[in-house]
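Summary of structural features
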Amino acid sequence: MALEETMICAGFGARKGVTRDAVLAALDAALTTHDIARDRLDAVATVPRKRDEPGLTDAAKALGLPLVIADVAALQAAATHCLTRSEQARSATGLPSASEASALAVCGPAGRLLGPRITLDGVTCAIATTGRKS
């Protein structure tokens, strides 16, 4: 029997103009909450409208990870599994939480959130994994 690979993805939402350092601070807060080291991350993700946000693209480069732009259909499917319901996120993206939905969408149908998103200095970050609960 083959061992199943576990994927860990950090999903992001952000106000326009956030800095790379703000994105990394939100990431570190979320990772600390779940006792996960940065080097365990496989990808960082966001919604299509944030694909060119410099703070997100620069943070992904600093981490040496791809910034995955979540597919619209996958985001819609993931929306029902979000733990956070933000009216601000819904009006901006049509999703209850851009960060939670993008992390889930990139992890795919086996993905699950480790907890609700973290909000820090205009950045939201949620961690999803394909790993099983221990």
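Structure's up top.
Below is a summary of the structure that appears in this document. Since this is a predicted model, take the numbers as computed values, not measurements. (Residues numbered from 1 in each chain as written. Predicted model: local features only at pLDDT ≥ 70, side-chain atom pairs only at ≥ 80, totals over all residues. Heavy atoms only, no water.)

1. Points about the nonpolar core
A general tendency of soluble globular proteins is for nonpolar side chains to be buried together. One finds Ala 10, Phe 12, Leu 27, Leu 41, Cys 125 and Ile 127 to be the most contacted residues of the largest nonpolar core, which totals 22 residues. Elements with a contribution of two residues or more to this core: strand E1 (8-14), helix H1 (20-33), helix H2 (54-63) and strand E6 (123-129). Considering each element in turn, this core owes the most residues, seven residues, to H1. Apart from the residues within four sequence positions on either side, Leu 27 is in contact with Ala 10, Phe 12, Arg 38, Leu 41, Leu 63, Cys 125 and Ile 127. In this structure, Ala 79, Ala 101, Cys 107 and Ala 126 belong to the second largest nonpolar core, which totals 20 residues. (Core = buried A, V, L, I, M, F, W, Y, C linked by side-chain atoms within 4.5 Å. Buried < 20%, exposed > 50% of the residue type's maximum accessible area, 1.4 Å probe, protein only. Helix = DSSP H or I, 4+ residues; strand = E, 2+ residues; numbered from the N terminus. Contact = heavy atoms within 4.5 Å.)

2. Quick notes on the pairing of strand E2 (residues 43-46)
Of the two faces of E2, the one carrying Ala 43 and Ala 45 and the one carrying Val 44 and Thr 46 are both buried. Of the pairings in the sheet, the one linking E1 to E2 comprises three bridges and is parallel in character. Its bridge partner lying in E2, Gly 11 is registered against Ala 45. The parallel pair E1 and E2 is bridged by H1, and the resulting crossover is right-handed. Across three bridges, E2 lies against strand E3 (residues 67-69) in parallel orientation. In the sheet register, Val 44 faces E3, and the bridge partner there is Leu 67. With H2 bridging E2 and the parallel E3, this β-α-β connection has right-handed handedness. (Pairing = 2+ DSSP bridges. Right-handed = clockwise from strand over helix to strand, strands pointing away.)

3. With respect to the pairing of E6
Counting buried positions along E6 yields seven of seven residues, so the element is predominantly enclosed. Going residue by residue along E6, you find Val 123, Cys 125, Ile 127 and Thr 129 tucked away on one face and Thr 124, Ala 126 and Ala 128 tucked away on the opposite face as well. As judged from the two bridges shared by strand E4 (residues 112-113) and E6, these two strands associate in the antiparallel manner. Looking at E6, one finds that Arg 112 is bridged to Thr 129. Here strand E5 (residues 118-120) pairs with E6 via three bridges, running antiparallel.

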